[in-house]
Amino acid sequence: MKNKTFANQRIGVFGKGGSGKSTVTVLLARALRQSGYPVVVLDADSTNAGIHQALGFEKPPVSLMDFFGGPVFTGGRVSCPVDDPTLLPDATIDINSIPRQYYAADNNGLFLLQLGKIGDKGPGAGCDGPIAKITRDLRVQGAGPQAATLIDVKAGLEDSARGVITSMDWIITVVDPTVAAIQIAADIQTLIARIRAGELPATFHLESPELKALANRLYREARIKGAFALLNKIRDERMESFVSQKLEQQGVSIIGAIYEGPAIASAWLEGKPLEGVKEEKDMMDALKRLERMVKETAPLETAP
Ligand SMILES: Nc1ncnc2c1ncn2[C@@H]1O[C@H](COP(=O)(O)OP(=O)(O)O)[C@@H](O)[C@H]1O
Ligand SMILES: [Mg+2]
């Protein structure tokens, strides 16, 4: 069978805090499902309470941080990729063979896994680094043929600095109408260009030559192929063209715009599924444009 554009691809959703990463993740998960992909959503933001409800699940899954034995700060195995770039051991998991509490699934090809929460970990353990390592290294199998993975990443640029960016195929940066959100989209664009041009990561803090070499290799072999902006919380056409122009001036490609809609805000406030909102159509249009742009960016890899 011919591979669909996003089969076996990892799409990272990046952007400023509150810009709408989780909103876009949920709407995009639905759009991908409608386009025939099984979808694995990875909640990689330790502060993302409520995403399970928005996706239509009653309970959040238990976090994979527990599955992997906890962070080093509390005696576990999961270290921060900045201090320790080594790969997380046994990071490829199969949904059909892990205990049921570690994922949520509907009957329709949608899966949710939660990578880690730090809210209840107590003083001194609240660092997102180990979550970033799981985000970077986790591969989920067993969701079905042609599955796409969507990763709702921690706000800002921290996680891309921690190397998470190296294991994404594509990035969508959510841009709300602020200077700060536009800047993050431009910074991600530049970062990817530098990685693709072969620039190596900062490793001055690593003493061991092996660890330096490993960090370099991870960046040299990075999968990342491109980033695109998706506008969100837009109020009118004037605002849309202003934000679009600013992004285009910085060389950022745009896949679409989602307008501010009261039904989206209510769903998040009331803990209800984010479905049946009229913005779903804008998301489907954006997905189609993304598909076209991705095909122009890189030839499809053939299935192994
Ligand atoms: N298109 C939209 N229309 C209206 N409200 C929105 C829209 N997108 C996001 N919001 C509101 O903004 C808040 C933050 O969105 P969220 O997706 O949680 O952002 P992030 O994941 O980037 O922190 C949500 O609680 C929601 O109420
Ligand atoms: Mg979020």
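Everything here concerns the structure above.
In this text, all values refer to a predicted model and were calculated from it rather than measured experimentally.

(A) Fine view of the overall build of the protein chain. Each helix and strand counted, the protein chain has ten helices and ten strands in total. For 304 residues, the compact-globule estimate of 2.2 N^0.38 gives 19 Å, and the protein chain sits close to it at 18 Å. When its C-alpha atoms are laid out on the principal axes, the protein chain stretches across 55 × 45 × 45 Å. Looking at the protein chain alone, contacts between residues at least 24 apart form 81% of all its contacts between residues at least 6 apart. The distance from the centre of the 35 positive side-chain charges to the centre of the 36 negative ones in the protein chain is 3 Å.

(B) Focus on the site of ligand 1. Neighbouring ligand 1 are 16 residues; K21, S22, T23, N232 and G261 lie closest to it. The separation between a nitrogen atom of ligand 1 and a polar side-chain atom of N232 is 2.8 Å. A distance of 3.1 Å separates a nitrogen atom of ligand 1 from a polar atom in the backbone of Y259. Relative to its free-state accessible area of 560 Å², ligand 1 is covered by the protein chains to the extent of 80%. Elements represented by at least two residues in the shell around ligand 1 include exactly α1 (21-34), β9 (226-234), β10 (254-259) and α9 (262-270).

(C) Expanded view of the environment of V252. Within the secondary structure layout, V252 lies in the loop between α8 (237-249) and β10. Along the backbone, V252 and D187 are 65 residues apart, and their C-alpha atoms lie at a distance of 9.8 Å.

(D) Structural context of the pairing of strand β1 (residues 10-15). In terms of residue burial, β1 counts as a mostly covered element, since six of its six residues are buried. Residues R10, G12 and F14 point to one face of β1 and I11, V13 and G15 to the other, with burial holding for every one of them. Sheet topology note: the β1/strand β7 (residues 148-153) ladder contains four bridges and is parallel. Across the sheet, residue V13 finds its bridge partner in β7, namely D152. Pairing geometry for β1 and strand β8 (residues 170-175), over five bridges, is parallel. In the sheet register, V13 faces β8, and the bridge partner there is I172.

(E) Looking closely at the coordination of the magnesium ion (ligand 2). Looking at the metal site, the magnesium ion (ligand 2) is ligated by S22 (OG) and N48 (OD1), spaced 2.2 to 2.3 Å from it. With S22 in helix α1 and N48 in the loop between β2 (39-44) and α2 (51-54), the pair connects residues that are 26 residues apart, well separated along the chain. In this pair, the class of S22 matches that of N48, namely buried.

(F) Representation of the packing of aromatic side chains. By the definition in use, this model includes four aromatic pairs. Relative to F68, the ring of F67 lies with its centre 5.1 Å away and its plane at 85 degrees, an arrangement referred to as edge-to-face. Aromatic side chains W170 and F228 sit 6.1 Å apart centroid to centroid with 40 degrees between the ring planes, which places their arrangement in the tilted category. Linking W170 in strand β8 with F228 in strand β9, this pair joins segments that are 58 residues apart in sequence. Residue classification places W170 among the buried residues on the basis of a relative accessible area of 3%. What makes F228 buried here is its relative accessible area of 5%. Members of the aromatic cluster, joined through ring pairs, are F67, F68 and Y102. Taking the ring centre of Y37 as reference, the NZ or CZ of K4 above it sits at 4.7 Å.

The rules behind these values
Residues numbered from 1 in each chain as written. Chains lettered and ligands numbered in written order. Predicted model: local features only at pLDDT ≥ 70, side-chain atom pairs only at ≥ 80, totals over all residues. Heavy atoms only, no water. Helix = DSSP H or I, 4+ residues; strand = E, 2+ residues; numbered from the N terminus. Rg over C-alpha atoms; globule rule 2.2 N^0.38 Å. Contact = heavy atoms within 4.5 Å. Lys, Arg positive; Asp, Glu negative; His and termini not counted. Charge placed at Lys NZ, Arg CZ, Asp CG, Glu CD. Near = heavy atom within 4 Å. Polar contact = N/O pair within 3.5 Å; in protein donor to acceptor, adjacent residues only side chain to side chain. Areas by Shrake-Rupley, 256 points an atom, 1.4 Å probe, with all protein chains shown as cover. Buried < 20%, exposed > 50% of the residue type's maximum accessible area, 1.4 Å probe, protein only. Pairing = 2+ DSSP bridges. Donors = N, O, S within 2.8 Å, 3.2 Å for Na, K, Ca; no water. Phe/Tyr/Trp six-rings, centres within 6.5 Å; stacked < 30°, edge-to-face > 60°. Lys NZ or Arg CZ within 6 Å of the ring centre and 35° of its normal.

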